[in-house]
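Each chain, written out:
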Amino acid sequence: MLITKLEHIESTKKYQELVESGRKLAVVCGRMGPMCIPVYDVMDSLKAKYPDVTFLDMEFDAPVAAETIRRLPETRSFSGLPFTVYYRDGKVVAATSSIQTKQQVKEILDAKLKA
Amino acid sequence: MDTYAYDAIVLGGGPAGLTAAIYLARARLATLVVDTGSTGGQMNLTHEVANYPGVAATTGAGLGQVMRAQAESFGARVISQAEVTRLELDGPEKFVEVEDEGTFTAPVVILAPGGAPRTLGLESEARFKGRGISYCATCDGDFFTGQDIAVIGGGNSALEEAVSLTKYASSVTILHEFDHFQAHPWAVREARANPKIRFVLEQTITGFEGDERLTAVTSVHKRTGEEVRIPVTGAFVFIGYVPRTAGLPPSIRLTGRQEIVTDELMRTEVAGVYAVGDARAKRYRQITTAVSDGTIAALHAAEYLGELRRRGE
């Protein structure tokens, strides 16, 4: 169970609804581990600065992750938690593996999800 | 940008900074903690803390959360993931500007920036981060179940994590730059006794190979110049830490290793500025030593503030 200030994606149905809505999404898929916790915090700290982006998380070991993010071609070569996937207009526009700094996340948000 | 006055500003939210905040806030001094990352600092990288006195066992992140809650319960304000855009420490009033938050002033600043894991600094290291290269065995070990991997380093973390990774990997090759280890003898003995671990010593890592994922580590023998290529799908890098002191004003004296010089009361050479924790020049770096630093700095800072008030400054 993830203890974060982000909205959780707990079912494949919810994931599909979010992606199909075309909204700008940043989804952190991880555990409550040392590399994941800072990324959840980074996302939480960016909510106010990027109000049109929905920041979410997903439990890496839950069935929803096995059915969605872990099956994406963009994450096939990943071997470091967390997997962070960015969506726009229903498509994956960026994906990263392992810990990311606030600056690295902002660079992706500015490059891929800015209006 | 609005300006807010505090008695003390703590820059860094690891165990040293949070301890200083607990003591300052409990002394009813207006205290602000500004952390450029997640509070907890390097404790967050420690899966299990088993040697913190009075606590049987906990996670590093859990201990950090409790310390932050303690500081906040006494009235300290904590800003994490902060972007410090201006830092002025030289005058009697110090200035810390934080993007989207404001400008903060105080007569006392406690520097607690901590350290960051050292990287090899190779271009190919950045390319394969999260695609074979990892800095956390407990986070990523299970991705390498049944595979051949490497561990780079020769300290306690490297040897302990190498042993831990044998739970998953078929084999673990330890690559180290010297012909001896910095790790405690018991850690070396345990690693040497593990049949899944082999050692390749006196190596300088030259690169990482692969396409989408890591397929090999390359190195060169430091004395003979012999080139070595080790096929692996994972490489865990544990080569120590560097102090996060880049960006401090030149008035803060650093050692050749970029650690902050203080006296035994944690004072730097700038009046009203203290330094604590892993970024301070000292021999031993543990959560307990960080807590000690934070305590000493806060107690002395409280005395210093009292003296300023008595003098009407």
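The structure we're discussing is the one just above.
The sections below set out a description of the structure shown in this document. This structure is a prediction, so every number in the text was calculated from the model and none was measured. (Residues numbered from 1 in each chain as written. Chains lettered and ligands numbered in written order. Predicted model: local features only at pLDDT ≥ 70, side-chain atom pairs only at ≥ 80, totals over all residues. Heavy atoms only, no water.)

### A few points about the sheet that holds strand β3 (residues 53-59) of chain A
Strand-to-strand pairing in sheets goes through backbone hydrogen bonds, with the strands running parallel or antiparallel.
Residues and elements named next belong to chain A.
Consideration 1: Taking strand neighbours across the sheet as the criterion, the 5 strands line up as β1-β3-β2-β4-β5 in an open arrangement whose pairing is mixed. Of all strands in the sheet, those bounded by a partner on one side alone are β1 (7-8) and β5 (91-97).
Consideration 2: As defined by bridge partners, strand β4 (residues 83-88) adjoins β5 across 6 bridges and the pair is classed as antiparallel. Across the sheet, the residue bridging to Y87 is V92, located in β5.
Consideration 3: Along the sheet face, helix α4 (residues 102-113) touches β2 (24-30), β3, β4 and β5 and points at about 20° away from the line of β4. (Pairing = 2+ DSSP bridges. Helix = DSSP H or I, 4+ residues; strand = E, 2+ residues; numbered from the N terminus. Contact = heavy atoms within 4.5 Å. Axes fitted to C-alpha atoms, helices over the stretch in contact; angles between N-to-C directions.)

### Concerning the packing of aromatic side chains
Aromatic ring pairs are defined here through the distance separating the ring centres and the angle between the ring planes.
Consideration 1: Inspection of the entire model under this criterion finds 10 aromatic pairs over all chains.
Consideration 2: Ring geometry for Y4 of chain B and F104 of chain B: centres 5.5 Å apart, planes at 25°, overall stacked. One end of the pair, Y4 of chain B, is in strand β1 (residues 3-5); the other, F104 of chain B, is in strand β7 (residues 102-106), with 100 residues separating them in the sequence.
Consideration 3: With relative accessibility at 33%, the residue Y4 of chain B sits in the partly exposed group.
Consideration 4: Ring geometry for F236 of chain B and F238 of chain B: centres 6.4 Å apart, planes at 20°, overall stacked. A single burial state applies to F236 of chain B and to F238 of chain B, both of which are buried.
Consideration 5: In textbook terms, an aromatic cluster arises when at least three aromatic residues are bridged by ring pairs, as seen for F60, F78 and F83 of chain A together with F143 of chain B.
Consideration 6: Of note, R70 of chain A hangs over the ring of F60 of chain A, and the distance from its end group to the ring centre comes to 3.9 Å.
Consideration 7: For R192 of chain B, the ring lying beneath its charged end belongs to F199 of chain B, and the centroid distance is 4.6 Å. (Phe/Tyr/Trp six-rings, centres within 6.5 Å; stacked < 30°, edge-to-face > 60°. Buried < 20%, exposed > 50% of the residue type's maximum accessible area, 1.4 Å probe, protein only. Lys NZ or Arg CZ within 6 Å of the ring centre and 35° of its normal.)

### Examining the sheet that holds strand β15 (residues 214-221) of chain B
Residue and element names in this part refer to chain B.
Consideration 1: Taken in spatial order, the 3 strands line up as β14-β15-β16 in an open sheet, and their pairing is antiparallel. Two strands bound the open sheet, and with one partner strand each, they are β14 (203-210) and β16 (227-231). The mean angle between the axes of side-by-side strands here comes to 25°, regardless of whether they run parallel or antiparallel.
Consideration 2: Pairing of β14 with β15 involves 7 bridges; the strand directions are antiparallel. Bridge pairing links G210 to L214 in β15.

### Digging into the environment of A279 of chain B
Residues and elements named next belong to chain B.
Consideration 1: Here A279 lies in the loop between β19 (273-275) and α7 (287-310).
Consideration 2: Considering only alpha carbons, one finds A279 and C139, 140 residues apart in sequence, at a separation of 25 Å.
Consideration 3: Setting aside chain neighbours within four positions, we find A279 in contact with P113, G114, P243, T245, E259 and I260.

### Things to note about unusual backbone geometry
Consideration 1: In this structure, the amide linkage connecting L81 of chain A to the following residue, P82 of chain A, adopts the cis form with an omega of -5°.
Consideration 2: Despite not being glycine, D89 of chain A has its phi angle at roughly 50°, a positive value.
Consideration 3: Assignment of secondary structure puts D89 of chain A in the loop between β4 and β5.
Consideration 4: At D100 of chain B, a residue that is not glycine, the phi angle is positive and equals roughly 70°.
Consideration 5: Along the chain, the position of D100 of chain B falls in the loop between β6 (94-98) and β7.
Consideration 6: Look at D100 of chain B and you get exposed, because its relative accessible area is 58%.

### With respect to the pairing of β4 of chain A
All names here are of chain A.
Consideration 1: Across the 6 residues of β4, 5 count as buried, placing the element largely inside the fold.
Consideration 2: In this sheet, β4 lies alongside β2 in antiparallel orientation, the contact comprising 5 bridges. For V28, the partnering residue across the bridge sits in β4 and is T84.

### Some words on α7 of chain B
All names here are of chain B.
Consideration 1: Here α7 is 24 residues long and its end C-alpha atoms lie 35 Å apart, about the 34 Å a rise of 1.5 Å per residue gives.
Consideration 2: I287, A290, V291, D293, G294, T295, A297, A298, H300, A301, L305 and L308 are the residues of α7 that are buried.
Consideration 3: Residues of α7 that are buried make contact with α1 (15-26), α2 (60-73), β8 (108-111) and β19.
Consideration 4: With its phi angle positive at about 75°, G312 sits one or two positions after the end of α7. (Expected span 1.5 Å × (residues − 1).)

### Here we look at the environment of A302 of chain B
Consideration 1: Its location among the elements puts A302 of chain B in helix α7.
Consideration 2: Between the alpha carbons of A302 of chain B and L24 of chain B there is a distance of 6.9 Å; along the sequence they are 278 residues apart.

### Regarding the layout of surface pockets
Consideration 1: The space that makes up the second largest pocket amounts to roughly 770 Å³.
Consideration 2: Surrounding the second largest pocket, 32 residues form its lining, K5, D41 and D44 of chain A together with R68 and S80 of chain B being those nearest its centre.
Consideration 3: Only α2 (37-46) of chain A together with α2 and β4 (77-79) of chain B provide two or more residues apiece to the lining of the second largest pocket. (1 Å grid on protein atoms, 1.4 Å probe; cavity = no way out; pocket = protein on both sides within 12 Å on 5 of 7 lines; lining within 4 Å. Points joined across faces, edges and corners; volume = space filled by probe spheres on them.)

### What about the interface of chain A and chain B?
Consideration 1: Listed by partner, the interface residues are 25 residues for chain A and 22 residues for chain B.
Consideration 2: Contact between chain A and chain B buries roughly 2,000 Å² in total, counting both sides, with carbon and sulfur atoms accounting for 50%.
Consideration 3: The largest contributions to the chain A side of the interface with chain B come from P34, S77 and S79 of chain A, which together make up 31% of the buried area.
Consideration 4: Our enumeration of links across chain A and chain B arrives at 6 salt bridges.
Consideration 5: A salt bridge links K106 of chain A to E99 of chain B; the shortest N-O distance between them is 3.7 Å.
Consideration 6: No other element matches α2 of chain A, which puts 5 residues into the side of chain A that touches chain B. (Buried area = accessible area lost by both parts, 1.4 Å probe. Salt bridge = Lys/Arg side-chain N within 4 Å of Asp/Glu carboxyl O.)

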